[in-house]
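Each chain is listed here by its residues.
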Amino acid sequence: MTDISVTKVEKLGVIPTDDQLGFGKIFTDHMFVMDYATGKGWHSPRIVPYGDFAFAPATIVFHYGQAIFEGMKAFRAKDNQIAVFRARHYLNRFNRSASHLCIPPIDVEEVRSGLFKLLELDKKWIPGKLGTSLYIRPFIISTDDYIGVKVASTYKLFIILSPVGAYYDNGFNPVSIKVEDKYVRATKGGLGQAKTPANYAMSLNAQAEAHQEGFDQVLWLDAVHRKYVEEVGTMNIFFKIKGEIITPELSGSILGGITRQTVLELAQSWGLKTAERQISIEEVYEAHAKGELEEVFGTGTAAVISPVGELSWKGQKITINNNQTGELSQKLFDYVTGVQYGTVPDEFNWMDHVNSTI
Ligand SMILES: *Cc1c(COP(=O)(O)O)cnc(C)c1O
């Protein structure tokens, strides 16, 4: 592994107080950067002051979108220990996304070392209040100075860090969801399995229309039959029907969430019945009609668990669990966040410790 050089910022930034944190607007003093060139591989890993970069207007990523990203979190746990939730899992997924976009794979251990060195340097920025965290955003862009369509031969990887406030400041708010029947998110053989900006760009119209109609988010159905449930907004989705926990299988158009995996592992360890399978929106509505739909929730790194209180499909509204957070949703949230903040023992070795205190 190559040495990671460090160039420190001249003047340290002002660390925000916990109540100044929102999401994604404040960044720490430094960032991690690494370059790739064909023939040379990934090289020159370095930590530099957080700041602007200059790119030529012809830089290929601006035109054709060959780019990927990740979203993970570091926590200040008990005793001011710093730990990252399932770091290697996220970085392995980064490589899976890379392969879908023809981006050369990273050395997970090298990037993890770079991240940990960056966290050590900027550790004062990790907020302490329960619910807050340091959001970690690794991303790779193609950087050839060329406006022809091709697989690029040069790339840059960045890791930037952003202290974020509590997702739920006043307890859970179950969300209301529009089942989307006009737009589609992804198709098998497309980019749905990759964490890539294009998937977000194409979700904006649906999201904007749902907001206008008074919904918080959209639930995506499969692109071919407009029948099978895929994801909710930018989260994976779970249904609890007659005690069984069901989530759509990773069939090629769904992003394999780390929180999704965590929930499946946890539910199984609690002896709950789980299934990864196709589930149609009709099946969900029928289960509701029979009084068997117990809970619906989304999973993702930002919210961990997001209870769904209401679904609306072709104008037909159903209310789930009286628009209240379900018992399982609450239990999953409490367990996962408990491990993250160090108040629940880390039985599954989810926390990757930076071996440093603040
Ligand atoms: C990131 C993401 C998720 C959630 O994945 P986590 O690893 O749990 O954060 C779900 N769907 C999409 C489209 C995503 O981009």
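If you're wondering where the values come from, they're calculated on a predicted model, not measured in any experiment.

### Digging into the overall build of the chain
Next up, step 1: Helix and strand counts for the chain stand at eight helices and 18 strands.
Next up, step 2: For a compact globule of 358 residues, the expected C-alpha radius of gyration is about 21 Å, and the chain comes in at 21 Å, within 12% of that figure.
Next up, step 3: Considering only C-alpha atoms, the chain reaches an extent of 60 × 55 × 35 Å along its principal axes.
Next up, step 4: The buried share of the chain, reckoned over its 358 residues, is 53%.
Next up, step 5: Considering only intrachain contacts with a sequence separation of at least 6, the fraction spanning at least 24 residues in the chain is 71%.
Next up, step 6: When the accessible area of the chain is evaluated, it comes to approximately 16,200 Å², of which 50% is carbon and sulfur surface.
Next up, step 7: The averaged location of the 41 negative side-chain charges in the chain is 2 Å from the averaged location of its 36 positive side-chain charges.

### Section: the packing of helix α2 (residues 87-100) against helix α3 (residues 108-121)
Next up, step 1: It is at 10 Å that the axes of α2 and α3 come closest, and there the two elements cross at 125°. Our classification of the angle between α2 and α3 gives oblique. Remark: the crossing between α2 and α3 carries right-handed chirality. For the pair formed by α2 and α3, the contact residues are Ala87, Arg88, Leu91, Asn92 and Asn95 on the first element and Val108, Glu109, Val111, Arg112 and Phe116 on the second.

### Overview of the pairing of strand β15 (residues 293-300)
Next up, step 1: Along β15, seven of the eight residues are buried, which leaves the element largely enclosed by surrounding structure.
Next up, step 2: Inspection of the sheet shows strand β12 (residues 235-241) paired to β15 by six bridges, in the antiparallel sense. Within the sheet, the bridge partner assigned to isoleucine 237 lies in β15 and is glycine 298.
Next up, step 3: Turn length for the β15-strand β16 (residues 304-313) hairpin, with the two strands adjacent in sequence and antiparallel, is three residues.

### A few points about helix α8 (residues 327-340)
Next up, step 1: Under the 1.5 Å per step criterion, the end-to-end length of α8 is 20 Å for 14 residues, consistent within 8% with the ideal 20 Å.
Next up, step 2: Judged by how many residues are buried, α8 sits mostly within the fold: ten of 14 residues are covered.
Next up, step 3: Considered for burial, the residues of α8 that qualify are Leu328, Ser329, Leu332, Phe333, Tyr335, Val336, Thr337, Gly338, Val339 and Gln340.
Next up, step 4: Positive backbone phi, approximately 80°, marks glycine 342, located one or two places after α8.

### A look at the UniProt feature "modified residue: N6-(pyridoxal phosphate)lysine" (unreviewed entry) in the chain
Next up, step 1: Per the UniProt record, "modified residue: N6-(pyridoxal phosphate)lysine" (unreviewed entry) is annotated on Lys195.
Next up, step 2: Mapped onto the secondary structure, lysine 195 falls in the loop between β9 (175-179) and α4 (197-201).
Next up, step 3: With near-sequence residues (within four places) excluded, lysine 195 lies in contact with Ile68, Phe69, Glu70, Gly71, Arg93, Ser97, Tyr200 and Leu255.

### Here's the deal with the packing of aromatic side chains
Next up, step 1: Considering all chains together, one arrives at 21 aromatic pairs under this definition.
Next up, step 2: Measuring from centroid to centroid gives 5.8 Å for phenylalanine 85 and tryptophan 350, while their planes differ by 70°, and the two rings are edge-to-face. Of this pair, phenylalanine 85 sits in strand β6 (residues 81-85) while tryptophan 350 sits in the loop between α8 and β18 (351-357); the two residues are 265 residues apart in sequence, bridging distant segments of the chain. Taken individually, phenylalanine 85 and tryptophan 350 each receive the classification buried, so the pair is uniform in this respect.
Next up, step 3: Over the aromatic face of phenylalanine 116 sits the side chain of arginine 112, whose NZ or CZ is 4.4 Å from the ring centroid.
Next up, step 4: Directly above the ring of tryptophan 270 sits lysine 331, whose terminal nitrogen or CZ lies 4.2 Å from the centroid.

### Details of the domain arrangement of the chain
Next up, step 1: Looking at the assigned domains, one finds that the chain contains domain 1 (5-165) and domain 2 (175-341).
Next up, step 2: Placing a centre on the C-alpha atoms of domain 1 and another on those of domain 2 gives a separation of 28 Å.
Next up, step 3: Facing the 25 residues of domain 1 at the interface are 20 residues of domain 2.
Next up, step 4: Across the domain 1 to domain 2 interface the summed buried area is about 1,900 Å²; carbon plus sulfur atoms make up 62%.
Next up, step 5: Counting across the domain 1 and domain 2 interface gives one salt bridge.
Next up, step 6: One salt bridge in this structure joins glutamate 265 and arginine 86, with 3.1 Å as the shortest N-O distance.
Next up, step 7: Along the contact surface separating domain 1 from domain 2 lie twelve residue pairs in polar contact (both at pLDDT 80 or more).

Rules behind the numbers
- Residues numbered from 1 in each chain as written.
- Predicted model: local features only at pLDDT ≥ 70, side-chain atom pairs only at ≥ 80, totals over all residues.
- Heavy atoms only, no water.
- Helix = DSSP H or I, 4+ residues; strand = E, 2+ residues; numbered from the N terminus.
- Rg over C-alpha atoms; globule rule 2.2 N^0.38 Å.
- Buried < 20%, exposed > 50% of the residue type's maximum accessible area, 1.4 Å probe, protein only.
- Contact = heavy atoms within 4.5 Å.
- Areas by Shrake-Rupley, 256 points an atom, 1.4 Å probe, with all protein chains shown as cover.
- Lys, Arg positive; Asp, Glu negative; His and termini not counted.
- Charge placed at Lys NZ, Arg CZ, Asp CG, Glu CD.
- Axes fitted to C-alpha atoms, helices over the stretch in contact; angles between N-to-C directions.
- Parallel < 35°, antiparallel > 145°, perpendicular 65-115°, else oblique.
- Left-handed = near helix turned anticlockwise from the far one by under 90°.
- Pairing = 2+ DSSP bridges.
- Expected span 1.5 Å × (residues − 1).
- UniProt positions renumbered as here; feature names shortened; annotations may be inferred.
- Phe/Tyr/Trp six-rings, centres within 6.5 Å; stacked < 30°, edge-to-face > 60°.
- Lys NZ or Arg CZ within 6 Å of the ring centre and 35° of its normal.
- Domains from an automatic or database assignment.
- Buried area = accessible area lost by both parts, 1.4 Å probe.
- Salt bridge = Lys/Arg side-chain N within 4 Å of Asp/Glu carboxyl O.
- Polar contact = N/O pair within 3.5 Å; in protein donor to acceptor, adjacent residues only side chain to side chain.

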